[in-house]
Every structure is written in structure tokens, then in C-alpha cells.
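Chain and residue survey
Read off the chains here:
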4 protein chains.
Amino acid sequence: MFKSIGIISKLGNAQVQDCLERLVKFLRNRSLEVIIDVTSAQQLLSSSHHELNIVADLDVLGSRCDLVIVIGGDGTLLQSARLLAKYDICLLGINLGRLGFLTDISPSDMEEYLSNILNGAFLEEDRFLIYAEVYRDNQRLSYTNALNDIVVHRWNMSHMLTFETTINGHFLNQQRADGLVVATPTGSTAYALSAGGPIIHPSLNALVLVTICPHTLTSRPIVVDGDSCIQITINFEQTGEAQLNSDGVLRQTLQPGDRITIENTNIFDLSTPNLTTIILLYGLN
Amino acid sequence: MFKSIGIISKLGNAQVQDCLERLVKFLRNRSLEVIIDVTSAQQLLSSSHHELNIVADLDVLGSRCDLVIVIGGDGTLLQSARLLAKYDICLLGINLGRLGFLTDISPSDMEEYLSNILNGAFLEEDRFLIYAEVYRDNQRLSYTNALNDIVVHRWNMSHMLTFETTINGHFLNQQRADGLVVATPTGSTAYALSAGGPIIHPSLNALVLVTICPHTLTSRPIVVDGDSCIQITINFEQTGEAQLNSDGVLRQTLQPGDRITIENTNIFDLSTPNLTTIILLYGLN
Amino acid sequence: MFKSIGIISKLGNAQVQDCLERLVKFLRNRSLEVIIDVTSAQQLLSSSHHELNIVADLDVLGSRCDLVIVIGGDGTLLQSARLLAKYDICLLGINLGRLGFLTDISPSDMEEYLSNILNGAFLEEDRFLIYAEVYRDNQRLSYTNALNDIVVHRWNMSHMLTFETTINGHFLNQQRADGLVVATPTGSTAYALSAGGPIIHPSLNALVLVTICPHTLTSRPIVVDGDSCIQITINFEQTGEAQLNSDGVLRQTLQPGDRITIENTNIFDLSTPNLTTIILLYGLN
Amino acid sequence: MFKSIGIISKLGNAQVQDCLERLVKFLRNRSLEVIIDVTSAQQLLSSSHHELNIVADLDVLGSRCDLVIVIGGDGTLLQSARLLAKYDICLLGINLGRLGFLTDISPSDMEEYLSNILNGAFLEEDRFLIYAEVYRDNQRLSYTNALNDIVVHRWNMSHMLTFETTINGHFLNQQRADGLVVATPTGSTAYALSAGGPIIHPSLNALVLVTICPHTLTSRPIVVDGDSCIQITINFEQTGEAQLNSDGVLRQTLQPGDRITIENTNIFDLSTPNLTTIILLYGLN
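Quantities reported herein were computed from a predicted structural model and do not represent experimental measurements.

So, the packing of aromatic side chains
Residues and elements named next belong to chain C. Under the criterion given, the structure shown has 6 aromatic pairs over all chains. Judged by centre distance (5.5 Å) and plane angle (35 degrees), the ring pair of Phe2 and Phe122 falls under tilted. Note that Phe2 is positioned in the segment before β1 (4-9) and Phe122 in strand β6 (residues 122-128), a separation of 120 residues in sequence. Across the pair, Phe122 and Phe2 agree in class, each one buried. Positioned above the aromatic ring of Tyr135 is the side chain of Arg259, whose terminal nitrogen or guanidinium carbon lies 4.7 Å from the ring centre.

Digging into the relation of the copies chain B and chain C
Take chain B, turn it by 180 degrees, move it 0.0 Å along the axis, and it overlays chain C with an RMSD of 0.1 Å. Both chain copies can therefore be described as sitting about a two-fold axis. Rotation axis and chain B: the residue whose C-alpha lies nearest the axis is Trp155 of chain B, separated from it by 3.5 Å. Residue by residue, 100% of the interface of chain B is reproduced at the interface of chain C, so both copies engage with the same surface.

Quick word on the relation of the copies chain A and chain D
With an RMSD of 0.0 Å, chain A superimposes on chain D once it is rotated by 180 degrees and translated 0.0 Å along the axis. Comparing interface residues between copies, 95% of those in chain A also sit at the interface in chain D, which points to an isologous, same-surface contact.

Focus: the interface of chain A and chain D
The interface is formed by 21 residues belonging to chain A together with 20 residues belonging to chain D. Here chain A and chain D share an interface that buries about 1,600 Å² over both sides, 54% of which is from carbon and sulfur atoms. Summed over the shared surface of chain A and chain D, the result is 0 salt bridges. In this structure, the connection of chain A to chain D is made through 6 residue pairs in polar contact (both at pLDDT 80 or more).

Examining the packing of helix α1 (residues 14-29) of chain A against helix α5 (residues 110-118) of chain A
All names here are of chain A. Where α1 contacts α5, the axes come no closer than 11 Å and their chain directions differ by 35 degrees. Viewed along their axes, α1 and α5 form a crossing whose handedness is right-handed. Contacts from Cys19, Arg22, Leu23, Phe26 and Leu27 of α1 reach α5 at Met110, Glu111, Leu114, Ser115 and Leu118. Split into classes, the residues belonging to the contact of α1 with α5 amount to 7 nonpolar, 1 polar and 2 charged.

Digging into the confidence of the model for chain A
For chain A, the average pLDDT comes to 90, and 92% of its residues sit at 70 or higher. In the model output, the complex is listed with pTM 0.93 alongside ipTM 0.91.

Examining the sheet that holds strand β6 (residues 122-128) of chain B
All names here are of chain B. Spatially, 7 strands are ordered β3-β2-β1-β4-β5-β20-β6 in an open sheet, and the strand pairing comes out mixed. Of all strands in the sheet, those with a lone pairing partner are β3 (54-56) and β6, marking the two edges. On average, each strand axis in the sheet is tilted by 30 degrees relative to the strand beside it, whichever way the strands run. Set on the sheet, helix α1 (residues 14-29) makes contact with β1 (4-9), β2 (33-37), β4 (67-72) and β5 (90-95); between it and β1 the angle comes to about 175 degrees.

Comments concerning the domain arrangement of chain A
All names here are of chain A. One can read the domain layout of chain A as domain 1 (4-128 + 278-283) and domain 2 (130-263). Carbon and sulfur atoms supply 61% of the area buried between domain 1 and domain 2, which totals about 1,200 Å² over both sides. Summed over the shared surface of domain 1 and domain 2, the result is 1 salt bridge. Put simply, Arg82 and Asp247 hold a salt bridge, and the shortest N to O gap is 2.6 Å. Inspection of the region where domain 1 meets domain 2 yields 3 residue pairs in polar contact (both at pLDDT 80 or more). Listed by contribution, the elements that provide at least two residues to the side of domain 1 that touches domain 2 are α4 (74-84) and β6 (122-128). Tallied by class, the residues present in the side of domain 1 that touches domain 2 amount to 7 nonpolar, no polar and 4 charged.

Considerations on the pattern of salt bridges
Residues and elements named next belong to chain D. For the structure on display, the rule yields 32 salt bridges over all chains. Linking Asp178 and Arg154 is a salt bridge whose minimum nitrogen-to-oxygen distance equals 2.7 Å. Taken as a pair, Asp178 in the loop between β11 (170-177) and β12 (179-183) and Arg154 in strand β9 (residues 149-156) lie far apart in primary sequence, 24 residues in all. The same class applies to Asp178 as to Arg154, namely buried.

A look at the side chain of Ser9 of chain D
All names here are of chain D. By secondary structure assignment, the location of Ser9 is in strand β1 (residues 4-9). A distance of 3.3 Å separates the side chain of Ser9 from the side chain of Gln43, its partner in a polar contact. What Ser9 contacts, discounting residues up to four positions off in sequence, is Val16, Leu20, Ser40, Gln43 and Ile71.

Observations concerning the pairing of strand β17 (residues 241-246) of chain A
Residues and elements named next belong to chain A. Within β17, 5 of the 6 residues are buried, which leaves the element mostly enclosed by the surrounding structure. With 6 bridges connecting them, strand β9 (residues 149-156) and β17 associate as antiparallel partners. Within the sheet, the bridge partner assigned to Asn156 lies in β17 and is Glu241. In terms of strand pairing, β17 meets strand β18 (residues 249-254) through 5 bridges, oriented antiparallel. Pairing of Ser246 across the sheet is with Val249, part of β18. Between the end of β17 and the start of β18, which pair antiparallel, lie 2 residues, with Asp247 showing a positive phi angle near 50 degrees.

Side note on the environment of Ala192 of chain C
All names here are of chain C. Examined against the element boundaries, Ala192 turns out to sit in helix α6 (residues 191-194). Judged by its relative accessible area of 0%, Ala192 is buried. For the pair Ala192 and Asp149, spaced 43 residues apart in sequence, the C-alpha separation works out to 7.9 Å. Non-local contacts of Ala192, meaning those with residues more than four positions away in its chain, are made with Val181, Ala183, Gly187, Gly197 and Val210.

Some thoughts on the pairing of strand β7 (residues 130-136) of chain D
Residues and elements named next belong to chain D. By the criterion of burial, β7 is predominantly enclosed, with 7 of the 7 residues buried. Alternating positions in β7 separate into two faces, Ile130, Ala132, Val134 and Arg136 on one and Tyr131, Glu133 and Tyr135 on the other, with burial throughout. Pairing of β7 with strand β8 (residues 139-146) involves 7 bridges; the strand directions are antiparallel. Along β8, the bridge assignment pairs Arg136 with Gln139. Between β7 and the antiparallel strand that follows it, β8, lie 2 residues; Asp137 among them carries a positive phi value of about 50 degrees. Note: β7 against strand β19 (residues 259-263), 5 bridges, orientation antiparallel. Across the sheet, residue Tyr135 finds its bridge partner in β19, namely Arg259.

A short note on the interface of chain B and chain C
Taken together, the contacts link 20 residues of chain B with 20 residues of chain C. Summing both sides of the interface, chain B and chain C together bury roughly 1,600 Å²; the carbon and sulfur share of this comes to 54%. Inspection of the chain B/chain C interface yields 6 residue pairs in polar contact (both at pLDDT 80 or more). A total of 4 residues in the side of chain B that touches chain C trace back to one element, the largest contributor, which is strand β9 (residues 149-156) of chain B. Its residues assigned to classes, the side of chain B that touches chain C shows 10 nonpolar, 6 polar and 4 charged.

Observations regarding the side chain of Thr162 of chain B
Structurally, Thr162 of chain B can be placed in strand β10 (residues 161-167). Filtering out sequence-adjacent residues up to four positions away, Thr162 of chain B remains in contact with Gln174, Gln175, Arg176, Thr233, Ile234, Asn235 and Gln238 of chain B.

Some words on unusual backbone geometry
Residues and elements named next belong to chain C. Positive phi outside glycine occurs at Ser31, with the angle close to 60 degrees. Relative to the helices and strands, Ser31 is located in the loop between α1 (14-29) and β2 (33-37). Take Ser31: its relative accessible area is 68%, and that puts it in the exposed class. Despite not being glycine, Asp247 has its phi angle at roughly 50 degrees, a positive value. Relative to the elements of secondary structure, Asp247 occurs in the loop between β17 (241-246) and β18 (249-254). Its relative accessible area of 11% is what places Asp247 among the buried residues.

The rules behind each value
- Residues numbered from 1 in each chain as written.
- Chains lettered and ligands numbered in written order.
- Predicted model: local features only at pLDDT ≥ 70, side-chain atom pairs only at ≥ 80, totals over all residues.
- Heavy atoms only, no water.
- Phe/Tyr/Trp six-rings, centres within 6.5 Å; stacked < 30°, edge-to-face > 60°.
- Helix = DSSP H or I, 4+ residues; strand = E, 2+ residues; numbered from the N terminus.
- Buried < 20%, exposed > 50% of the residue type's maximum accessible area, 1.4 Å probe, protein only.
- Lys NZ or Arg CZ within 6 Å of the ring centre and 35° of its normal.
- Least-squares fit on C-alpha atoms with pLDDT ≥ 70 in both.
- Contact = heavy atoms within 4.5 Å.
- Buried area = accessible area lost by both parts, 1.4 Å probe.
- Salt bridge = Lys/Arg side-chain N within 4 Å of Asp/Glu carboxyl O.
- Polar contact = N/O pair within 3.5 Å; in protein donor to acceptor, adjacent residues only side chain to side chain.
- Axes fitted to C-alpha atoms, helices over the stretch in contact; angles between N-to-C directions.
- Left-handed = near helix turned anticlockwise from the far one by under 90°.
- Nonpolar A, V, L, I, M, F, W, Y, C, P; charged D, E, K, R; others polar.
- pLDDT = per-residue confidence, 0-100.
- Pairing = 2+ DSSP bridges.
- Domains from an automatic or database assignment.

Structure, rendered in C-alpha cells:
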């Protein structure tokens, strides 16, 4: 089954370090190759580990491992998924955070769960990512990807944000609101849900657009095909700055006239256009 | 393009009759074959029409026509779609009702729009139907189909309805509520929207489950794959009766223990399993 | 403090009987006068109780007791409140039901809680009731009261209900919907909440109007002064029947043209116009 | 009736100037005393006006006028109300903005409406303001007032805001969300409505608390007595900055541990504690 296991860990306290040490020990006892992300490895206390394990950067993990175990909360797993999306890889989360939708295993049960998973007792779920590009004056300014959601949100302005949305080039609406969430099925249970969106089954190839605090009373969440191209243009007459966030992390400040395109195709790296999904593992018990 | 045109009309007042007369005259002037549904034809005032036109029952319309024009509101079009779903047919609605999501043309513009449509200026939209079966004591009690939605709703009971829902055999939840809407994308802008559901793009193969007045505060609409099989079981300990409605029409009173299955496959007529969609026509101008 | 205690119990199983027996025994041991509602008393097993206690009808309980203890769920307490609203009385609920918003005490803690309460460790909360009258052809057809809510709901009709609402004689709106909830602050956490209403603090003199599954997307819950007079008129052109429910219990079937007035004044018994509240007791521990 | 009329105008384009000129001319022709806010007066083109009219600062307007007419949108009227709340004054809005809930009169009808109003054809509505204080390390840092709402909103942080709310010293809840709106009845149709709150009748003495994008699914708007004291404390462990806005205008950046108190008492100027309302005028026609 899995032969080479990568490990990514959030930086943290003694609990994180303990979990990391236990995980490395557990995997080595099963004679599996273990590759630790170089930043995460700084937390390994015993220097002997460094000799026994391969410490490498994320690209090595992505190229060489068939399973990457992420120690942290949903935020750590989301970040790992974004960074590793271009590799054909499985992700498994050990939850040290507040609440884990994506991270399935608690540290106390870690060894038992992992034994089962390494013996084949797991479910695989394909989760697709979305890719966003920001254009200013017809020049691409920046790009990012997200497993949960891309959010355009007003920021340094005292009024609501005015923006226009198109789907596959067709005008959808012009809205005044605090912002707009474009979420994958994975993200439909995260911020989009707080903003009033529906839950989308993970197996459905769909995106949901949820307006945050819409000025009009008639705004409703809209579910579209996952292969749609969504374009959001900040109104030129808008004053002040907005933000583009991916998975809750600030990526770009936005100015009037900026245009954002969102789709599920890997527009950054056309050499791997189809690798736009990540496989999440869930233990069976 | 279209060679044989069927006509279905709601029964009504002078406005309906006038619209029907104008439509027959318009189509005959273009030398098209016109077949009028036998019940609708009762409204034709001039007996001469009867000689010139073919009056036939719906099965003849379905088998022989390539386009059926429906005069009425959304209700009339929904009914026509349910009855003609087993035929490979296009539907076009002339709106005499209050508000028409599905019926596109107003009587005043009828001739102009139809000219364009008959010249090929139209959009086709495939809309799929869903099929529901009711089982009592493991015997199939009744079945129905719907273009918009299947709704299970409490009726003669003073408490909320308790029911369990599964998707593809997997337990989803047990709920206490006024009821549950299972809507197609077409129906997502009808009753499901009133109950708090999202809008689903017509091109998406999906169903949305919206709980009506849920007892728990955590209930949210759920969007699932259109090929899912949804099963709703009325709690055995429930007292009183519930209702099963399709497209807003009462189909079956439900008792404790009744089980409803809903899917997009034509389970009634396995000889035409693939004809589970209707094509709606929208004029271009 | 409390000298004469009334008891009302739902009819039920061994658990109810056990709770009732324990309660009677507990109160008699403290040398308090105990008056048991005549219907509830049928559940007392030991005939000796009948000799020791006064068994009487509700009007005697209302006139003579200063505290009435209700054994059951919220439904039993709501019913008791409606029946005893015209008396100046305190109510305390022992919860045998599924979920108790109004009934505070569980049977296992009953004696301990009651000791505290009888020693003065309690909070009093004034909860007002609302009164509804139904008029047909300008004749009063029936009337009812409610601690939680008055609900107008469509019933034997396939379309939505069309009705007009006024507040203090001023036109508010005409709506198409499944129905309308008019709730007190007490009822704001019951059915009105399921229909999408806000929570109203119990101390606020206010009513909330929540439309159930409104046809228009712009409908929002409206909070008005508790002294408002709300009038709902079923559209004359409506076909089919609707229902008037008070606290979830069917009170009146409604026909097109029926008019319902709702206010917090005791319009049935003008001799006691000010006794339109009930005092709920909550234990402190 | 009204003898001395104040005028406040937003700074703007030719349309604003034209409206201002017409208004001054109209009032002077009726021999009313006209006092123009000194900033607004900069827009008066003809210097002759300056000689004929009194130009003064807002405190003079507040002390001397019995009616102040505001030219602009809701934003201008909200600002004027906040600044003049300590005076016993009537406000009337002429709407040059996008949408006017508070500003009743369009420029084209201005003279006709004003004639009626000056002849006594108007409705008066008392609208109360709320006052907010921000405390850091138990020192009052700043204070503000609002006619619509006080909003605490996350700002320079990538996570949701964690905060605790009390009402009259009683713990209400601890929440993770984008923020919290505390709105007056006047503000219930503004931002609070976008965030999902109910409409509160202007005559009701109540406040509504609406959580913006709550992390938990069970959050619901809460309506409390208008005399309540609401206290919001930003969680100490929170990282990043939040914002306090009054009527949509940034007033204070907030840090972890900051405490905000909100009530309808004029806590800034105890010499005029009762003047915490503004009277809005609406024309009758």
C-alpha cells in the first residue's frame, strides 16, 4: 500500500512536538520511508531523528510520497492541500485544532487509526481545488488556489462593496454586499455555511456562490456546475480597498476595477492540468 | 424544423379561448399540422376548427408532435410536462398565469415570438423529472413524477412530522419538521426557494433537499448528485397523516411507517428509461 | 409563601404516575394544601390519596391555589397556562417530555428543587398570552388564547394561502405563503423560530410575525409592540380551507374571507381584562 | 409652526448645489429664518446668499433651529442625527442618494412637499440613538453614538472574531463570527437586515443583536429591551485587530481584551440625558 510517508506539522507547543515524535517513531517501527517537511522538522527534539529520517522540502514530499500526514487543524491541512495540489497524493489529517472537518484523527487514537489505515481500512475522497487569478488593467497581478473557498470581501471602505458577477461569460448580477464566497463542496461546510449557503455533497462537481450580507433582500445562494468559470469585477466607481482570501488567508488587496476569475482548472501550471484534486483519507473503524 | 404542433390549454375564461383561437389560426396559416388535446379543444368556439384540426388525446400528441405549446401558467406547464415526460418532445409555454418561471411568452407577443421560434430562434433547455414511489408494508402503494419537486408535508397532525432520510442507502438524518422538499434544479426556484433553499443552475445534475420549518436550528439545505436515490421514512410512532405532493398537487396521504423513494430514473415505464427529461423552449429576440 | 398547591398532570404511563405520587407525598409532608385536577387524579393509584387530598376541577385550582405544578412536557404546560390565564397564579413545570423550554425541573431532581422553591429560591417571569377571534360574515365564529403562538396555515388547498395583514388598522402587506405565525416572546423560541424568526427576550412586550415559506423573497420577520392589534384576512378568491392553531392545537378551520384578530387583551372575559399573563417559576440552585 | 430652519447639505455636484439654492430661496420667500451649516454653505454660488442668510456652525443650528433640513442620502442624515442628537430638534431629509429609508423627499417634489410640511401636514417619528463606549485596560478609550447601529467587525485578522456578549450583566454567549450588529429599530432595516435580522417597528423600544456570519449554526437574532445595557468583550487570546463602526463609519480599531458597552442613554453628556432621540419628519400628501 503506502510505502513512502510524508509528514507536515504546524509549528506549535509541546503537544505538537509529542505528536510528531510519536508519529515518526510509529512509522519507522513499521519500516516505512518517512520524509519530514524541513520546516516541520525543526520541532523534532532528538537530533538522532534527523539522522534516521529524510528531511526535505515540500516538492520532495510531493514527488516522492504516496501519503502525506498533516498534524494540525483544518487550517494546516488546507495549506498543505494548496501546496501539494499539483502532485498526485493522498492527505490524512491528525487533528490538534479546535474543530476538524477535514482532519479526522485525534492524537490519542493516532497509532490505532494509522494501523488500520496502513492495513487498507480507509475511504478515499477526491476533493477538487479552485484557482483564482486577479487582473488589474488587463495584466495578471497574482494567482492562488483553494480547497475550501475564494472570498472577495470589503476591507478598507465604509460602504458595501459593489461588484458584478458573470458565469461562463453570462451576466449573473451586480450586487452591493460585504462580499462573495465561491466555495467548493469541501468548503460548503466552512465559511460559506456561516454566510448562509447550503451543504454540497462532496461527490458533486459543483460550486456555490454565497453573497455575504447582501444589500438586496432577494439574494440567494446559487449552485453552479463545477466546471464553470466565475468572474467577479469590482466596480470602478467603488472607493477603498477590498480583499481576496483563499481558504481564509489574505492573498491580495483589491482595487476598483480589479477582475477576479475563478475556475477548477489549474491555470498556473498547464503541464499538470488534470492534477487539480487532492485525495483525502478517512479511517474506517 | 417543427412539423407537427400539439396544443394543450388550461380550461378558462374568454382570454384563454381567444388565445387558443389565435394560436390555432396562426399555426394553420403556416401550414403546420396542428393537434389539439381533446379536453382543451372543448373551448374552441367555432366548430369549423374541429374539422380542420385534429383533436386527439395526450398520447397521440406525445407520439406524433415534435413541439407542444401549452397555454396557461406554470401549473399547466408542469402538469403537461409530467404527462408527456415519457415522449421525446419539446414544450413551450404561453403565460396566462400570475407569474411564469417556466412559461416564457405573453399572449400579446405570441405571434411575433412564435414566428421567431418556428424560424429557429430559440434556446433548448433539458429539464429532468424525478419519480417517487410510496411503499406501505413493503407493497408499492402509488407512484408519481414531478418536474419541480416532491414534497412530504405534515397534514392532519398537531405535532411536527418525524421522518428519517437516507441517500443511496446511507443514513442522512432523522428530523422533526413540517416537511421536506426534494427539488430538481427547475424546482429550486419554486417552493424549495420559499422554504429557504438555494438556486440550482438548470444545467446541473443535482437535487436539493430543503427541510420545511425544521425543529432543530442546525438544519441546512443539502445539494446532492442528481443520480442519487433519496428515501424518506415516516416515523412509525408518528400519529396522524402526512401528504405527498408532486409539483404542488396532492398525490397520496401518508401514514406512519410509509416509505418514499425518489430518484431521477423512470421507474414506472422501464421501456423508456432514458426519456426522463423534457425540453423547454425559450424564444430569442 | 405558597400555601395552596394545585397539581395538573398529563395522562400517561407509569413514569407519570410515579412522579405524581411522589409529588403529592412530598407536598403533604410539608403540610401544604394540595388540590389535584380531577382528570389528572384518575392516575393516582392509592385510593387513600383521594381521601387526603382535595380533588377538584380547574376552576377551583385557579381560584384557590397560589401555585400550580404541571407534570408533563411543554404541551401540557401550554394547555394549563391557556386554561388558567384568567386566574392570578404561578405555574411550575416538571418536565417529562422530549424537550422543555418552559418546564424546568426533571423528575429526578424534583424534591430538591421544590424544597428550594418552597423556601423562596426561585425566579418569577411574567409571560403574557394573546387572544384570537375568528370572524366570518362579520359574526364572531370562535375565539381562543395562546401562550406561544397563533398560527394561520394553509390546509386543504394545493396552492399557497393568500392573505392580508394589518397592524392597528394600517395595511402591512398581502402575502402568498404557507401561513403566518404570530408569536409572543415565549413562543419566539418555539414554532416561530423554526419558521425563521428571531428570539425575543421574555421581558419585552412585543409580538413577532413570521411568514411561513413566503412566496416573495423579500419577506422578513417583523417585531411589533405587544399592544398591537393584528388582523389577518384570508383572501376571498382563495379556494380551499386553512387552519387556525393556538399553541400547535387546531382551533378552527378557516374559509376564504375569514378574518382573524389577535391582541394581548383578554377579549373573552372583560371582567378580568388585566389578568392576561401567567407567572412562570424557575428554580434557583 | 417652524420658525427657524437649519440646512445641512452634503458636499457634492451641481445637483446638490442646485437643490441647496432652491431650498434657500424657497424658505426665504416664506420669510423664515434660515441658518446654513458653515461647511455646507461653501457650496452656495451666489455670494448674495451669504449676506441674506446666517451661516453658522452646527451647535448654533442645534440651539436655535426647530427644524433642520438635510440634503443628501441616508448617510448624510445619519451623520446629522448623530451630531444633533443632543438638541431637541426635528430632522427632514431630501434624498439625493441611491436609496432613502430615512430621507423622504425627492428634489423634484421638494417645494410642494415642504409647503405642505410647513403648513403642518407631516408625521413625527421619535427615533432613539444608542451610545457606545470602548474600554481598554479599564480606561475609556473613546465613545460614539449611532442612529442605526453599532457594529463590531473583524478587520486585520485571518480568523473569525471571538467575543463574549452580556446583557445587563448576564452572560448571553461567546461567539466566533465576522462580527455583531447592535441595531435600533431605525437600523433594523439597514445593515442588520443584510446580516439576517428581523424588521423592528419604529415605535418599539427594542434593540436587535444580529451575529454576522456566525461560526455556529444555532445562532439567531435576539431582540431585547431598548433599555438594556449590552457589553461586548473581544477575546484576550484573539490575534489581530477588529473595528467598531457606528452607522457604517469607522470609529475605533479594537484590540484583544477591548470591552464595548452599548446603551440608549446619553453617557457622554449627562447634562442632557433625556435628549437621546431625534424626531424624523415625514410629509403627508
